[in-house]
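# Structure at a glance
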Amino acid sequence: MTASTQGLQIRSGSRVFGNLVELLSSMRFAISLLTVICIASVIGTVVKQHEPLNNYVNQFGPFWAEVFGKAGLFTVYSVWWFLVILAFLVISTSLCIARNTPKIFADFKTFKENIREQSLRSFPNRAEGSVDGQPEVAARSLGQSLLSAGWRVKLQSRDTPEGQGWMLAAKKGTANKIGYLAAHSAIVLVCLGGLLDGDLIVRAQMWFNGKTPYSGGGMIADVPAQHRLSPTNPTFRGNLMVSEGTSSGTAILSQSDGVLLQDLPFSVELKKFVVEYYDTGMPKLFASDIVIHDHETGEKKNARVEVNHPASHRGINIYQSSFDDGGSKVKLQAYPMGAAIAPFEVSGTVGATTSLSNGDNKLTLEYTALRVINVENFGKDADSEATDVRKVDLRDAIESRLGSGHKTGSEKKLRNVGPSITYKLRDASGQATEFHNYMLPMELDGARVFLMGARESTGEQMRYLRVPVDDKDSIEGFVHLRSALADPALRAEAVRRYTAMAVEPGKPELSQALEGSAQRAIALFAGTEKIAPPKTGAINKDADIRGGLPAVSAFLEANVPETERERASEVLVRILNGTLFELLQISREKAGLAPLPRDDAAQQFMSRAVLSLSDSFYYPAPMAFELKDFQQVQASVFQVARAPGQTIVYLGCVLLILGVFAMLYVRERRLWIWLAPGAEGASHATMALSSNRKTMESDQEFEQLKSTLLKGNA
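Below is a summary of the structure that appears in this document. What you see is a predicted model, and the numbers here were worked out from it, not measured in a lab. (Residues numbered from 1 in each chain as written. Predicted model: local features only at pLDDT ≥ 70, side-chain atom pairs only at ≥ 80, totals over all residues. Heavy atoms only, no water.)

### A short note on a nonpolar patch on the surface
- On the surface, Leu656, Val660, Phe661, Leu664 and Tyr665 cluster together into a nonpolar patch covering about 510 Å² of accessible area.
- Relative to the helices and strands, Tyr665 is located in helix α17 (residues 645-665). (Patch = residues over 30% accessible without salt bridge, like charges linked within 9 Å, V, L, I, M, F, W, Y side chains within 5 Å. Areas by Shrake-Rupley, 256 points an atom, 1.4 Å probe, with all protein chains shown as cover. Salt bridge = Lys/Arg side-chain N within 4 Å of Asp/Glu carboxyl O. Helix = DSSP H or I, 4+ residues; strand = E, 2+ residues; numbered from the N terminus.)

Following this line, the structure appears as structure tokens:
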């Protein structure tokens, strides 16, 4: 039997209906549908599914993101056209099976014993010889031999002019045709399982039962019934997030325009969450110790859920999906970064917000994430570049040392740098800037610094500001210096002290000139003396010069001839550094600290502090928050699924394996031996062998049969 690519031919009824049935049941249509599904699956693998829309806009642009979104490429496996194609593939493959099954079963019973003697001589594998005994005796003897070898045999008697002849027809390996049915049935079962466990039934409830996605906020218990699915829902797959010490019995089913709530017949209480890490900082094991509370019987069932080891209750599987923050308590210390703001403390919960106000300037502090472990790579990188002190973006300078542990191409030196806090500051107009600050200082380029990251959109990389530690390995020294720089009275006192130290007594004119230069230098650096950027030179005329070293550079380019600029800059920077050192000493006096000795350590601190002060003018917030203390609360994210199609899919996989094995490794062979009366009481035999695949094994088997069954063969 040969499978046909043509479909079922219906002779009666409507011609349109007949053509439709013929198309649906044809193999070419099924292959076309399978090709489309494969292409869609490739898209679903390459394009991340169920991501926020902003991520797709950043990746593809507004136009193509909208086009791809309308085509459903961001939710390929649940979009309506994918489900329709899947349904048509089930119908088409089922019709193919229905069309070919009767032929296959009819072929099982057929030995094709009516084949003519002349036809046997046209087979590639053929031979002639003699067999002892009359045709009937020889036929029965050969039949017994073949039966012993596993062949199925049928004998047929024919009258010929030479006398009575016998046709022996045998076959072996008919399970090959079972492989065709098993493989095609597997496709049907897998697709049916996919339809049952997919969004089809949930969408049907939305179409016919009035269920609609929910896009609002508030408590889960307050969500109306039209956004909820019944606990008896036959199939669903959703996410359940449970914090330590709490329980939940409502899963979330994400939809393109909101969420549906799936009420469960039980609640899951998270007693403890356990997570272990590799040296790279990647999770090695995360598991949840849970208690399942049955709503109907009141039963309490203890279970442990790990990756690939789910728990099950009432036909619903509970899988360990991931983990998240469950509302950790954090305490932050605010330090001024641009304005003269007194440091203050603020406490909050991850996921919550705090309102901040400074007169008309109102901000909202959003606690985004707490990471207790941060493993970074501190290996050497020959391609690192110097820091550009005119901008906050230090990523290029530290990316090789501060990055995820999976980077290669340079020597890796992994180190846990401790906890970090991620938060957002949102202004009154709703614009938000994201920040990522480490709790502990780390050593970069031979210096211990605090890293404070910032970015204005999720599509950008974090830009880190390096803040040097003081003699007590604290950020306080830099904070005091930054606050003093914003105070005009303290700046004036620093200028006076620097002038008195640098100029010998009795030289009032020199002292007055140096005091003027120092006042100009620190005023430029503090951003209180505004200048227009030069029209030419290294400074862009459209640059936003707020203070720091860019302001000093712009002043020199605008007021000093190019031939004298290098010498003037050396003098002005030396005066600025001296004045800032005196300002540091004044800030330490006000904090009740001893003055810093004028040694190499103090000089190195000042060199780094000047760069950090310069960068701080471009920090996108008036204050920075340091993580002072925290109380971590873990949350476990479960995937809960009622999947009636799972068993069907498993059965389909078994059938697919059996079908592929049968079609690839089982060869169907048919053997015919025509026995006619011969000389001296023997029979003349004509033998032929056919196989569904022409292989060397078939040739070898025929040679073996020929030598075993015939004598004097040719």
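### Considerations on the sheet that holds strand β3 (residues 163-172)
- Strand order in this open sheet of five strands is β1-β26-β25-β3-β2, and the pairing throughout is antiparallel. Here the strands that pair on one side only, and so sit at the sheet edges, are β1 (125-132) and β2 (152-160). Sheet twist, expressed as the average angle between the axes of neighbouring strands with direction ignored, equals 20°.
- Across seven bridges, β3 lies against strand β25 (residues 669-677) in antiparallel orientation. If you follow Met167 over to β25, its bridge partner there is Trp674.
- Packing of helix α18 (residues 696-709) onto the sheet brings it into contact with β1, β25 and β26 (682-691), and relative to β26 it is tilted by some 165°. (Pairing = 2+ DSSP bridges. Axes fitted to C-alpha atoms, helices over the stretch in contact; angles between N-to-C directions. Contact = heavy atoms within 4.5 Å.)

### A closer look at helix α12 (residues 488-502)
- The first and last C-alpha atoms of α12 sit 21 Å apart over 15 residues, in line with the 21 Å expected at 1.5 Å per residue.
- Turning to α12, its buried residues are Leu490, Arg491, Ala494, Val495, Tyr498 and Thr499.
- A distance of 3.0 Å separates the backbone nitrogen of Ala489 from a side-chain oxygen at the start of α12, and that oxygen is part of Asp487. (Expected span 1.5 Å × (residues − 1). Buried < 20%, exposed > 50% of the residue type's maximum accessible area, 1.4 Å probe, protein only. Polar contact = N/O pair within 3.5 Å; in protein donor to acceptor, adjacent residues only side chain to side chain.)

### Section: the sheet that holds strand β12 (residues 329-336)
- Taking strand neighbours across the sheet as the criterion, the three strands line up as β13-β12-β23 in an open arrangement whose pairing is antiparallel. Either end of the sheet is taken by a strand with one partner, and the two such strands are β13 (344-349) and β23 (623-631). Strand-to-strand, the axes of this sheet are offset by a mean angle of 30°, without reference to chain direction.
- Two elements, β12 and β13, share six bridges in a ladder whose sense is antiparallel. Paired with Lys329 across the two strands is Thr349, which belongs to β13.

### Looking at the packing of aromatic side chains
- The final tally for this structure, using the stated rule, is 20 aromatic pairs.
- Judged by centre distance (6.2 Å) and plane angle (20°), the ring pair of Phe60 and Phe74 falls under stacked. Here Phe74 lies in the loop between α4 (62-71) and α5 (80-109) and Phe60 lies in helix α3 (residues 53-60), a separation of 14 residues in the sequence.
- For Phe74, a relative accessible area of 8% gives the class buried.
- Through a chain of ring-to-ring contacts, three or more aromatic side chains come together here, namely Tyr56, Phe60, Phe63, Trp64, Phe68 and Phe74.
- Here the guanidinium or amino end of Lys171 rests over the ring plane of Phe111, the centre of that ring lying 4.6 Å away.
- Lying across the ring of Phe617, Arg482 places its NZ or CZ 4.7 Å from the centre. (Phe/Tyr/Trp six-rings, centres within 6.5 Å; stacked < 30°, edge-to-face > 60°. Lys NZ or Arg CZ within 6 Å of the ring centre and 35° of its normal.)

### Observations concerning the packing of helix α2 (residues 27-46) against α5
- Following both chains from N to C, one finds α2 and α5 inclined at 150°, their axes separated by 9 Å at the closest point. Compared by their axis directions, α2 and α5 come out roughly antiparallel. Note that α2 runs across α5; the crossing there is left-handed. Within the contact between the two elements, α2 uses Met27, Phe29, Ala30, Leu33, Leu34, Val36, Ile37 and Ala40 and α5 uses Trp81, Phe82, Ile85, Leu86, Phe88, Leu89, Ser92, Thr93, Cys96 and Arg99.
- Its residues placed into classes, the contact of α2 with α5 shows 15 nonpolar, two polar and one charged. (Parallel < 35°, antiparallel > 145°, perpendicular 65-115°, else oblique. Left-handed = near helix turned anticlockwise from the far one by under 90°. Nonpolar A, V, L, I, M, F, W, Y, C, P; charged D, E, K, R; others polar.)

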